[in-house]
Amino acid sequence: MKIYNSPYRQIEEFIPLRPPLVTVYTCGPTVYDKAHIGHWFNYVRMDMLIRTLIINGFEPKWVMNITDVGHLVSDADEGEDKLEKGARREGKSAWDIASKYTADFLEGMQQMNITTPSLIVKATEHINDQIDLIKLLENKGYTYVIDDGVYFDTSKFPEYGDFAQLDLDEQKTGARVSFNPQKRQPQDFALWKFSPKDRRRDMEWDSPWGKGFPGWHIECSAMSMKYLGETLDMHTGGIDHIAVHHTNEIAQSEAATGKRFANYWMHSNHVLIDGQKISKSLNNSITLADIEKRGYSADVLRLHILESHYRSQSRFSFESLNAAQNRLNDYRSMAALRYQARKVTNDAGTFALEDVPKELAGILANDLDTPSALAFLSQVSTQLQTVHIEEDMLDHFVKMLQGIDNALGLRLMEVKDITDEQKDLIHQRESARAAKNWQLSDEIRGHLQRQGIALKDAQHGPIWSLL
RNA sequence: GGCGCUGUGGCGGAAUGGUUACGCAGAGGUCUGCAAAACCUUUUAUGCCGGUUCAAUUCCGGUCGGCGCCUCCA
């Protein structure tokens, strides 16, 4: 299997430390607001990594975190905690906000058919692990304390910035962000933030340095290493995390252990709406609920996501969502053939059904090439819908559908059979046609169409499919 | 200002130093009782200018445009 390794900017052969085990850590959401399609692009692509590993014989252990404390409004460790801000907005406590949007996120994961991670871990349930890690860094001399928190001294970690190929001096030139003047370097980041003197936070804990809460970055290092070991096979996240969050994770993790933090890094690019990325400030987010309101299912969104490569900036529009809907209908029509196997005597049937999942696994193993996987699937679908499925092919056919679902998560196995009543109508229409009663025949066809069932009169008889 | 990515047909979106995926949409045709599906054809696709090469959309340089990061943000 090959994968693009972000820091090296090249496609590399993927070699885990202890095959078939693959340790994967994914930066999950900060649960202070509803997830939007940008999140789903990201997590579907992470899901494709996990699926691709599995169908290529690996056994991933996948840990994803939920950031339910400590992510400030600014990555520069300034401003409010997002959770506290969300709480104020909704007149609830930060704890309520976290649990509300955690539930919202997990429900979306199910709807999008994203593989359930081996472990979903919350920052607030690992405060002691984070404090321990900060203590370790303090003992090794990487930290200093100023009036608003404990900071990591990036000058003690000379490789800081290598990962993102940052030119720290040049970055400073145009930076528009103000920072605490007590910080030794602008890029130094908070490991622990103190609670404000004048008020009580919803979320705060005691620590050796004073009451407060962990910085945003430390949770990922503490939790990933706790559950997956000091060196991860794969660390993933959104492309926006490269410069700050992942750079900081590497600094604090490698400073603490003296070992390489992760061997491979996968970053999902952003999706654009009307040529711009989704962000709070542009107020242009679209949620899964918005999409469903327009009549599209999560499966359609998922297919649309797979149509572009994870490393390219993709574009979202309802027009392309509609294209994905039609494409999904075609795949579902193919899946419906499992209920319509019949004996045929023609020469069709040379298609190697059992090779389809293998072929998909191979395509995806090339840097998660989902566009090519779908191109291949469309060819399969077209071919299968022009031959008839023979009864003795049925086992292979169903296995093939299962294989496609394992690879792509499109839920083709969930396509239901039509009712006996509907089947009876199809028979009635055949009788009418035999009697050249075209009016009745067309009435029945129209009737079924209104129920979402399309009929095609193939050589060997009618085939139904889903609209 | 610094760094990075990018510019493919009506739309989305791959790939490639020489024969131009795939999906959606449009047009014509074959087939069909009529449709649908399928198949065939079709709608002058690789921003612009140079360079390298027998050959560039693909490599290099320049130029114009778009986007991202350096604030929020997957």
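Residues numbered from 1 in each chain as written. Chains lettered and ligands numbered in written order. Predicted model: local features only at pLDDT ≥ 70, side-chain atom pairs only at ≥ 80, totals over all residues. Heavy atoms only, no water.

> Just checking my understanding: could you explain the overall build of chain A for this structure?
Each helix and strand in chain A was counted, giving 15 helices and 16 strands. In terms of overall dimensions, chain A has C-alpha extents of about 90 × 50 × 40 Å along its principal axes. Relative to its full complement of 467 residues, chain A shows a buried share of 54%. Long-range contacts, defined as pairs at least 24 residues apart, comprise 76% of the intrachain contacts of chain A with a sequence gap of at least 6. As displayed, chain A has an accessible area near 21,000 Å², and 47% of this comes from carbon and sulfur atoms. In chain A, the 53 positive side-chain charges and the 66 negative ones have mean positions that sit 2 Å from each other. (Helix = DSSP H or I, 4+ residues; strand = E, 2+ residues; numbered from the N terminus. Buried < 20%, exposed > 50% of the residue type's maximum accessible area, 1.4 Å probe, protein only. Contact = heavy atoms within 4.5 Å. Areas by Shrake-Rupley, 256 points an atom, 1.4 Å probe, with all protein chains shown as cover. Lys, Arg positive; Asp, Glu negative; His and termini not counted. Charge placed at Lys NZ, Arg CZ, Asp CG, Glu CD.)

> Explanation requested: the pattern of salt bridges in the structure shown.
Note that side chains of opposite charge can pair when their charged atoms are close. Tallied over the entire structure, the rule returns 24 salt bridges. Residue Arg 311 pairs with Asp 367 through a salt bridge whose shortest N-O separation is 2.6 Å. Of this pair, Arg 311 sits in the loop between helix 9 (298-306) and strand 14 (314-316) while Asp 367 sits in the loop between helix 11 (356-364) and helix 12 (370-386), and the two are 56 residues apart along the sequence. In this structure Arg 311 comes out as partly exposed when scored by relative accessible area, which is 32%. (Salt bridge = Lys/Arg side-chain N within 4 Å of Asp/Glu carboxyl O.)

> I'm lost on the environment of Ser 312 in this one. Help?
Tracing the backbone through its elements, the reader meets Ser 312 in the loop between helix 9 and strand 14. Not counting residues up to four positions away in its chain, the partners in contact with Ser 312 are Arg 45, Asn 269 and His 270. One polar contact links the side chain of Ser 312 to the main-chain carbonyl oxygen of His 309, over a distance of 3.0 Å. (Polar contact = N/O pair within 3.5 Å; in protein donor to acceptor, adjacent residues only side chain to side chain.)

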